[in-house]
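Descriptive analysis of the structure
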Amino acid sequence: MFFRLGFKILLAWVVVSLSLLQGGEYLLQPLLPACQALIRELIGGWLPHLSIAHGQGGGILQLQVWVLSAMPVAVGVVIPKGAVLNSSIHVIHIFVPVAMLLTMLLVWPVRGWLQKVLLLGIGGLFSVLMLLLTVPVLLIAILEIPYQEAAQSASSLYQPPWFMDWMVFYEMGGNLLLAVFGGFLSVWVKQCWFKDVL
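To start, this report covers the structure provided alongside it.

Reading the values: the criteria
Residues numbered from 1 in each chain as written. Predicted model: local features only at pLDDT ≥ 70, side-chain atom pairs only at ≥ 80, totals over all residues. Heavy atoms only, no water. Pairing = 2+ DSSP bridges. Helix = DSSP H or I, 4+ residues; strand = E, 2+ residues; numbered from the N terminus. Axes fitted to C-alpha atoms, helices over the stretch in contact; angles between N-to-C directions. Contact = heavy atoms within 4.5 Å. Buried < 20%, exposed > 50% of the residue type's maximum accessible area, 1.4 Å probe, protein only. Lys, Arg positive; Asp, Glu negative; His and termini not counted. Salt bridge = Lys/Arg side-chain N within 4 Å of Asp/Glu carboxyl O. Parallel < 35°, antiparallel > 145°, perpendicular 65-115°, else oblique. Left-handed = near helix turned anticlockwise from the far one by under 90°. Nonpolar A, V, L, I, M, F, W, Y, C, P; charged D, E, K, R; others polar. Core = buried A, V, L, I, M, F, W, Y, C linked by side-chain atoms within 4.5 Å.

Description of the sheet that holds strand 5 (residues 84–90)
What holds strands together in a sheet is hydrogen bonding between their backbones, with the strands either parallel or antiparallel. Taken in spatial order, the 3 strands line up as 1-2-5 in an open sheet, and their pairing is antiparallel. With partners counted over all chains shown, the strands left at the sheet margins are strand 1 (46–53) and strand 5, one partner each. Averaged over all adjacent pairs, the angle separating strand axes in this sheet is 20 degrees, with direction ignored. Pairing of strand 2 (residues 60–67) with strand 5 involves 7 bridges; the strand directions are antiparallel. Its bridge partner lying in strand 5, Val 65 is registered against Leu 85. Across the sheet, helix 5 (residues 113–154) touches strand 1, strand 2 and strand 5, and the angle it forms with strand 5 is around 125 degrees.

Regarding the side chain of Glu 25
Mapped onto the secondary structure, Glu 25 falls in helix 1 (residues 2–28). Despite its burial, Glu 25 pairs with no opposite charge; the closest candidate is Arg 40, at 21 Å N-O. Residues contacting Glu 25, with those up to four places away along its chain left out, are Ile 52, His 54, Gly 55, Gly 58, Gly 59 and Val 91.

Side note on the packing of helix 2 (residues 32–42) against helix 5
Running from amino to carboxyl end, helix 2 crosses helix 5 at an angle of 60 degrees, the nearest separation of the two axes being 9 Å. With respect to each other, helix 2 and helix 5 are oriented oblique. Here helix 2 runs over helix 5; the crossing is right-handed. Contacts between helix 2 and helix 5 pair Ala 34, Cys 35, Leu 38, Ile 39 and Leu 42 from the former with Leu 132, Val 135, Pro 136, Val 137 and Ile 140 from the latter. Tallied by class, the residues present in the contact of helix 2 with helix 5 amount to 10 nonpolar, no polar and no charged.

Remarks on the environment of Leu 5
In this structure, Leu 5 sits in helix 1. The exposure class assigned to Leu 5 is partly exposed, which follows from its relative accessible area of 40%. Sequence-wise, Leu 5 and Val 107 are 102 residues apart; in three dimensions their C-alpha atoms are separated by 8.1 Å.

Thoughts on the nonpolar core
In this structure, Leu 28, Trp 46, Leu 50, Leu 61, Val 67 and Leu 85 are the most contacted members of the largest nonpolar core, which totals 54 residues. Among the elements that make up this core, the one with the highest residue count is helix 5 (14 residues). Contact partners of Val 67, with chain neighbours within four places excluded, come to Gly 45, Trp 46, Ile 79, Pro 80, Lys 81, Gly 82, Ala 83 and Leu 85.

Here it is, written out as structure tokens:
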């Protein structure tokens, strides 16, 4: 029983991972305008531009920011007006929690393949929400790392902004927690709202 379940999980993980590796950058492309808008809302005084550099390994998501007004980070540390800042992240890295969420839903027991499609559709909606909650913040945090390090060097009392904490949380296992939470939430929504559908 455990061997069979483990095999199903492994097979689902391989299928989902290969699918996202091949098509992740195309799935991410429609979300770029929303991510840009979120970055503008989170950091005033930035003019962001997102693009995807196609290539092996799923491509790279690139953020380029034009700084429209000087931004003090700490005493003696300022992001100057007119600066052009860049950060990037591998697309496949972005999709790791999505792959975990969809793998979980693929092996979740349901009644018939139409129920499975419905469950995966709900999981897809939560995947989009998860990407919108994580991608802009990760790119901002990566871009600001040099300035945050300089601020911490200038003062031992300096407290990094919330988006740096979010990046640390995400990279230290928060992506797994988000995936599991999104998976169980998808199952709950299906069972509560679509229990008698199909």
